[in-house]
Amino acid sequence: MTQLFSKINQLHEFLASRQALSLTATGLIPTMGALHQGHLSLIQRSLAQDQTTIVSIFVNPIQFAPGEDFERYPRQLEQDLALCQQAGVDAVFAPDAQEIFGENWVDSSQKTLIHPPAAITEVLCGRSRPGHFVGVATLVTKLLNIVQPQHAYFGQKDAQQVAVIKSLVKDLNLPVEIISCPIARDKQGLALSSRNQHLTEAQRIVAPQIFASLQAAQSVFINDQKDSDCLCQIVINYLANLPELKLDYLQVVDPHTMQSISSIAHSGLLAIAVYLGKIRLIDNILLTNQI
Ligand code: AMP
């Protein structure tokens, strides 16, 4: 039976009861809900590895800038709970903003915030969404402190987020192992995302072309094209016939540091963000040279 907690002290009581049973290995999967198979793949990893699996569901207001889709973000707690129950999740932690950030949480000048290194956050999604990673890093630090898991699971779909969190854990000596999980896709190749719910039928037909464009670059890469500009040009040419897709960014970066690289010596992450109507979709592909 999956337990639902909205309060930190209830969650702590639950965790203490698990400790009393010597069930000490805890895994945390931080999410914003509207759960899908991508989230489920992270949950499965924890269920296989940990004695207690906790899923947090919280649409984090401080990682959205004004004008972004915070209000429109899908919220479906009952459905999410049913999915967690079916999967065998031990507990869902679904607090409100006040529980997490306290009174006056809207006024961030009153709060301690975690600022990840500018080098990682001022590129890709961080450039398009100023302040986003401060919000993510602050919330994740709080969740790690609240739950104190041995393992925390994140999806490679948000590759920059993984890099931010790994550097946060290293720089602040947080006692947790960050486990990065592969991107789950639908049959057409579209990376699963809670935001996909907002796509119209026509947009759903176009959206898989994002991954197809990355694969086009991958096949050229395999045929010995290692130059980043050339690889990006393949993607641009591929998408040129699809005016519905408006490029936000497209870049080849070092997969660990997120710094731009001009050619791929060992491995490079080809990362993309596009707007399809009002919906912003991200994807990436790891390009690795055989050793
Ligand atoms: P979100 O609820 O979108 O904040 O995502 C919660 C976690 O699930 C993050 O670590 C995401 O990277 C991960 N995630 C979301 N979509 C996918 C996907 N398609 N494949 C793998 N992980 C994902």
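The coordinates are above.
Keep in mind the model is a prediction, meaning the values are calculated, not measured.

Engineer: Give me the packing of aromatic side chains: which residues, what numbers.
Structural biologist: Counted under the stated rule, the structure contains four aromatic pairs. Pairing F58 with F101 gives two aromatic rings, centres 6.1 Å apart and planes at 50°, and the pair type is tilted. With F58 in the loop between β3 (52-57) and α3 (77-87) and F101 in helix α4 (residues 97-101), this residue pair connects regions lying 43 residues apart in the sequence. On the basis of relative accessible area, F101 is assigned to the buried category, the value being 7%. Geometry around F64 places R129 over its ring, the cationic atom sitting 5.8 Å from the centre.

Engineer: Please provide a residue-by-residue account of the sheet that holds strand β5 (residues 151-155), values included.
Structural biologist: With respect to topology, six strands assemble into an open sheet ordered β1-β4-β3-β2-β5-β6, the strand pairing being parallel. Because the sheet does not close on itself, it has two edges, and the strands there are β1 (3-5) and β6 (177-181). Direction aside, neighbouring strands of the sheet carry axes that sit 25° apart on average. Note that strand β2 (residues 26-31) and β5 share two bridges and pair parallel. The partner of L28 across the bridge, within β5, is A152.

Analysis parameters
- Residues numbered from 1 in each chain as written.
- Predicted model: local features only at pLDDT ≥ 70, side-chain atom pairs only at ≥ 80, totals over all residues.
- Heavy atoms only, no water.
- Phe/Tyr/Trp six-rings, centres within 6.5 Å; stacked < 30°, edge-to-face > 60°.
- Helix = DSSP H or I, 4+ residues; strand = E, 2+ residues; numbered from the N terminus.
- Buried < 20%, exposed > 50% of the residue type's maximum accessible area, 1.4 Å probe, protein only.
- Lys NZ or Arg CZ within 6 Å of the ring centre and 35° of its normal.
- Pairing = 2+ DSSP bridges.
- Axes fitted to C-alpha atoms, helices over the stretch in contact; angles between N-to-C directions.

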